[in-house]
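# Breakdown of the fold
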Amino acid sequence: MDLFLREVAVRIDADDVLSRIDALIDLRAFSPILTRGLGRSGDGPQGYDPLVLLKCLLIGQWHGLSDPKLERALKVRLDFMMFCGLGLHAPVPDETTHCRFRNALVKGGVYDDLLAEVCRQLEHHGLKLKAAEAAIIDATLVESAARPRNHIDPPQDRAEGDAPDAPDMHFSADPDARWVKKGSKSTLGYKAFARTDEDGYIDRVHTTPANQAESPQFATMIEGATAQRVLADKAYASKANRDALRGQHRDGIMRKAARGRPLRPSEKRFNKLISKRRFRVEQCFGTMKRLFGLHRARYFGCARTHAQLAMAAIGQNLLKAANKIILNPQTPAIA
């Protein structure tokens, strides 16, 4: 640590959120994931340390900064410099570097692995349960970064889960975004799925175009779940989904009335009990939209939007953990 970083460390309060995260998470454990995602062999000229770029990526997501604004902030914000380990005379990654790094990780498909590593370290610290009593699944709409073309009318109201848009029909510059209508509002964008535990830690995310129904994504969302029971709302109520839970998890999918078969009193009581426990996932979506900008996609395409969702989930988990712990300077890093 040079004299500049030492002076910055004195000025910045130890209760600063970034300081807590830096003490809690051992980013060295992310190196194999980043190496795999970037496809680097270790030979040839060396650029910026991928761990520094990952920290920059996290700061940009945390504060909703575009790549140009992130480059500027890294030059003037002392707490950002301290978190990333950038000295006063050290070169600062420019906006093109941030963009290329983010897109390389998208191409490498490692954002889910980054989220899994964060969860593993939180479990190691005892902040997150490895085998929670319940896993909660839900989805929310994310508006596309592109504006709809004005000369194309939005599709008429239809039941969710109907046949998707024709492959050759594009309503905006975003090729993967699709329309869905809920109530009186039409939205062009994506569906962001999340699986949380009862403490509100997200351990799995998934992204689809907005017009795809939620129920068929249930099997994807329960992959790797270790919870005793899986909780979900009526959108996931189907025989196939209940069969997928049989023998692995207890059924916590809310009951749905059918034509000519209203819910029994016991089913109504069951739904009420499940509703009281499902609020955690709604809180997570609220935090990710309010603090991490998930209400609107920042990039075009399903893969890039999924990367934004994964980074928002990482930010949500780290924020929850940082607010939960009392920073202890003697806490050893995770090996």
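Residues numbered from 1 in each chain as written. Predicted model: local features only at pLDDT ≥ 70, side-chain atom pairs only at ≥ 80, totals over all residues. Heavy atoms only, no water.

## Description of the pattern of salt bridges
- Taken as a whole and judged by the stated rule, the model has 23 salt bridges.
- In this structure, Arg-120 and Glu-117 form a salt bridge, with 2.8 Å as the shortest nitrogen-oxygen distance. Note that Arg-120 and Glu-117 are positioned in helix 8 (residues 111-124) at a spacing of three residues, about one turn of the helix.
- Looking at Glu-117, the relative accessible area reads 11%, which means it is buried.
- A salt bridge links Asp-251 to Arg-242, with the shortest nitrogen-to-oxygen separation between them at 2.7 Å.
- Overlapping salt bridges, with partners in common, bring together Glu-123, Lys-128, Arg-195 and Asp-203 in one network. (Salt bridge = Lys/Arg side-chain N within 4 Å of Asp/Glu carboxyl O. Helix = DSSP H or I, 4+ residues; strand = E, 2+ residues; numbered from the N terminus. Buried < 20%, exposed > 50% of the residue type's maximum accessible area, 1.4 Å probe, protein only.)

## So, the pairing of strand 1 (residues 134-143)
- In terms of burial, strand 1 is a largely internal element, eight of the 10 residues being buried.
- Relative to strand 3 (residues 185-197), strand 1 is paired through nine bridges, and the arrangement is antiparallel. The residue bridging Ile-136 from the neighbouring strand is Thr-196, located in strand 3. (Pairing = 2+ DSSP bridges.)

## Things to note about the confidence of the model for the chain
- Counting all residues, the mean pLDDT for the chain is 86, and 86% of those residues have values of 70 or more.
- This model gives residues 155-169 a pLDDT under 50, and the stretch forms 19 contacts once residues within four places in sequence are excluded.
- This model gives residues 327-335 a pLDDT under 50, and the stretch forms 16 contacts once residues within four places in sequence are excluded. (pLDDT = per-residue confidence, 0-100. Contact = heavy atoms within 4.5 Å.)

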